[in-house]
Amino acid sequence: MDTSLLVRIAIIIGLTIAAVGCAHVLSLPPQVTLSEVEPSGRAAKPPDCNMPVLRHEPLRDFRKVAIVEALGNRYASEADVLPAVQRKACETGADAIVVTTSRAQTSEDATGYYIDSVAIVYGKENPAAAGTAYKVPRIAQ
């Protein structure tokens, strides 16, 4: 067998393995976590809800109901990771999310595109908490 043919076959196999490996890395979905701060008092919205993305806290009254964090793979960008954050925030019944951090990072703990956000609902009071009744014991006279 010709040596140049063996070299060409080895190069083709190497490129194929590299292409398959990259395709696998790019297809990993972002990992999203949600930590409830307080109940929103709202029903969950469908995953494809239109969740507004704010870059600063709004001027009107609002409550923070959940922290939503996501980490995409090292080749991801904000456009790849943000939709997963929005889908998770829809589960809380939130009115919007406020993105507090959005950056590519490389550290000992995690490497990839990281987004930290807060799901908010507009208004000061939690409607579920407003109707809470307390039983007061009667004092015997």
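Small disclaimer: the values here were computed from a predicted structure and weren't measured.

1. Let's talk about the side chain of Asp95
Next, step 1: As for its placement among the helices and strands, Asp95 is situated in the loop between α2 (78-90) and β4 (96-106).
Next, step 2: Only 2.8 Å separates the side chain of Asp95 from the side chain of Arg42, close enough to count as a polar contact.
Next, step 3: A polar atom in the side chain of Asp95 sits 2.7 Å from the backbone nitrogen of Tyr122.
Next, step 4: When residues no more than four places from it in sequence are discounted, the contact partners of Asp95 are Arg42, Lys45, Met51, Pro52, Ile120, Val121 and Tyr122.

2. Points about the sheet that holds β4
Next, step 1: In space, the five strands of this open sheet follow the order β1-β3-β5-β4-β2, with mixed pairing throughout. Either end of the sheet is taken by a strand with one partner, and the two such strands are β1 (31-36) and β2 (53-54).
Next, step 2: Across two bridges, the pairing between β2 and β4 is parallel. Bridging from a neighbouring strand, Val53 pairs with Ile97 of β4.
Next, step 3: Lying over the sheet, α2 contacts β1, β2, β3 (62-71), β4 and β5 (111-122), oriented at roughly 35° with respect to β5.

3. Here we look at the packing of aromatic side chains
Next, step 1: Here the structure, examined in full by the defined rule, presents zero aromatic pairs.
Next, step 2: A cation over a ring is seen here: Arg60 above Tyr122, with NZ or CZ 4.0 Å from the ring centre.

4. Side note on the state of the cysteines
Next, step 1: Under the counting rule described, the total for this entry stands at one disulfide.
Next, step 2: Shown here is the disulfide that connects Cys49 with Cys90, its sulfur atoms set 1.9 Å apart. The disulfide joining Cys49 to Cys90 has a torsion of about -85° about its S-S bond and is therefore left-handed. Of this pair, Cys49 sits in the loop between β1 and β2 while Cys90 is found in helix α2, placing the two residues 41 residues apart along the sequence. Residue Cys49 shares its accessibility class with Cys90, and that shared class is buried.

5. Description of the pattern of salt bridges
Next, step 1: The final tally for this structure, using the stated rule, is five salt bridges.
Next, step 2: Asp95 is the salt-bridge partner of Arg42, the closest N and O atoms lying 2.8 Å from each other. Taken together, the residues Arg42 in the loop between β1 and β2 and Asp95 in the loop between α2 and β4 connect sequence positions 53 residues apart.
Next, step 3: Of the charged contacts in the structure, one is a salt bridge between Glu57 and Lys64, with a shortest N-O distance of 3.3 Å.
Next, step 4: In this structure Lys64 comes out as partly exposed when scored by relative accessible area, which is 38%.

6. Looking at the nonpolar core
Next, step 1: Counting 19 residues, the largest nonpolar core has Met51, Val85, Ile97, Ile115 and Ala119 as the members making the most contacts within it.
Next, step 2: If one sorts the elements of this core by residue count, α2 sits on top with five residues.
Next, step 3: For Ile115, the contacting residues outside a window of four places in its chain are Val68, Glu69, Ala70, Glu78, Val81, Leu82, Val85, Val99, Thr101 and Ser102.

Rules used in this analysis
Residues numbered from 1 in each chain as written. Predicted model: local features only at pLDDT ≥ 70, side-chain atom pairs only at ≥ 80, totals over all residues. Heavy atoms only, no water. Helix = DSSP H or I, 4+ residues; strand = E, 2+ residues; numbered from the N terminus. Polar contact = N/O pair within 3.5 Å; in protein donor to acceptor, adjacent residues only side chain to side chain. Contact = heavy atoms within 4.5 Å. Pairing = 2+ DSSP bridges. Axes fitted to C-alpha atoms, helices over the stretch in contact; angles between N-to-C directions. Phe/Tyr/Trp six-rings, centres within 6.5 Å; stacked < 30°, edge-to-face > 60°. Lys NZ or Arg CZ within 6 Å of the ring centre and 35° of its normal. Disulfide = S-S within 2.5 Å. Buried < 20%, exposed > 50% of the residue type's maximum accessible area, 1.4 Å probe, protein only. Salt bridge = Lys/Arg side-chain N within 4 Å of Asp/Glu carboxyl O. Core = buried A, V, L, I, M, F, W, Y, C linked by side-chain atoms within 4.5 Å.

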